[in-house]
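What follows is the residue order along each chain.
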Amino acid sequence: EAGVTQSPTHLIKTRGQQATLRCSPISGHTSVYWYQQALGLGLQFLLWYDEGEERNRGNFPPRFSGRQFPNYSSELNVNALELEDSALYLCASSLAGTSGSSYNEQFFGPGTRLTVL
Amino acid sequence: AQSVAQPEDQVNVAEGNPLTVKCTYSVSGNPYLFWYVQYPNRGLQFLLKYITGDNLVKGSYGFEAEFNKSQTSFHLKKPSALVSDSALYFCAVRDMRDKIIFGKGTRLHILP
């Protein structure tokens, strides 16, 4: 069974540009999560999508946005890139869970390393 | 404010000795608690979770964790450490409003 895949592996952008990161979940999983893993800060929750809807988001500015497609794959967009956006961006998927009872474990992809110069 | 604390950045344990990686949390309501592990050059992997029921939960690779509601802790344990257990361990909590919080991680070094 194929795991969670992410593309690209590495992405280099300059300040002010936009970055688009992509994620394909495990077959049968309808929930997709995005996290930022910056050095020394652990994992910071960014966004949660389920059945094409944004279900929750972390404490990030609106320039971090995304969407989930009908095939449950997802895209994370970061606009107006800043130097501090440089980090590993992880995508995870899980089986569906009703809001308020989503206790299914997440399966993580290898990540996209974003470098902002 | 909701939070997860992993008070130790690094834990060193001799191979064969028991290990404990600590995690405490602060959330409203009943939490869902998770442990994940990140091996070098590999993605994060799920180890175990506590949802309800027995306070002692068993997971992958011989790991277990004990949920202690009064101390709001969910420490990860293993009776006998292996060198291959050396990795970065993350505790995570999900509250009833689906806020997901990860700890900053604890690097576990198992010394041969």
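Everything below is about the structure shown above.
Residue indices follow the written sequence of each chain, beginning from 1 at its first position. Here the convention is simple: chains get letters from A, ligands get numbers from 1, in the order in which they are written. It should be noted that, the model being predicted, local features are given only for residues of pLDDT at least 70 and side-chain atom pairs only at 80 or more, the latter also being counted only at that level, while totals for whole chains, interfaces and linings use all residues. The basis for the side-chain values is all heavy atoms of the structure; hydrogens and waters are excluded.

Enquirer: Sorry if this is basic, but what is going on with the sheet that holds strand 1 (residues 5-7) of chain A here?
Expert: Strand pairing in a sheet is mediated by backbone hydrogen bonds. Such pairs are either parallel or antiparallel. Residues and elements named next belong to chain A. Being paired, for any two strands, means DSSP has found at least two bridges between them. Helix and strand definitions follow DSSP, with helices as H or I runs of at least four residues and strands as E runs of at least two, each counted in order from the N terminus. The strand order across the open sheet built from four strands is 1-3-8-7, with neighbouring strands paired in antiparallel fashion. With one partner strand each, in any of the chains shown, strand 1 and strand 7 (64-68) form the two edges of the open sheet. Averaged over all pairs of adjacent strands, the angle between strand axes in this sheet comes to 20 degrees, irrespective of strand direction. Note: strand 7 against strand 8 (residues 74-78), five bridges, orientation antiparallel. Note on strand 8: the bridge partner recorded for G66 is L76. For helices, the fitted axis covers only the stretch in contact; all axes are lines through C-alpha atoms, and the angles between them, taken along N-to-C directions, range from 0 to 180 degrees.

Enquirer: Even after reading the chapter, I still don't get the side chain of A:H29, so can you show me in this structure?
Expert: One can find A:H29 in the loop between strand 3 (19-24) and strand 4 (31-38). In this scheme, a residue with accessible area under 20% of its type's maximum is buried, one over 50% is exposed, and one in between is partly exposed, where area comes from a 1.4 Å probe on protein chains only. A relative accessible area of 8% means that A:H29 is categorised as buried.

Enquirer: What exactly am I supposed to notice about the environment of B:A5 here?
Expert: Its location among the elements puts B:A5 in strand 1 (residues 3-5). Should any heavy atoms of two residues lie within 4.5 Å, those residues are counted as being in contact. In this view, B:A5 contacts B:K22, B:C23 and B:T24; residues no more than four positions away in its chain are not counted.

Enquirer: What's the story with the interface of chain B and chain A in this structure? I'm lost.
Expert: Interface size is commonly expressed as the accessible surface area that is lost when the partners come together. On the chain A side, the residues contacting the 20 residues of chain B number 22 residues. Whenever a nitrogen or oxygen atom comes within 3.5 Å of another N or O atom, the pair is scored as a polar contact, on the condition that within protein one atom can donate a hydrogen and the other can accept it, and that pairs from neighbouring residues in sequence are kept only if both atoms are in side chains. On inspection of chain B and its partner chain A, the count reaches four residue pairs in polar contact (both at pLDDT 80 or more). Of all the secondary-structure elements, those providing two or more residues to the side of chain B that touches chain A are strand 5 (32-38), strand 6 (44-50), strand 10 (87-94) and strand 11 (100-102) of chain B. By the convention adopted, Pro, Cys, Tyr, Trp, Phe, Met, Ile, Leu, Val and Ala count as nonpolar, Lys, Arg, Asp and Glu as charged, and the other residues, Gly among them, as polar. Among the residues making up the side of chain B that touches chain A, the classes are represented as 11 nonpolar, three polar and six charged.

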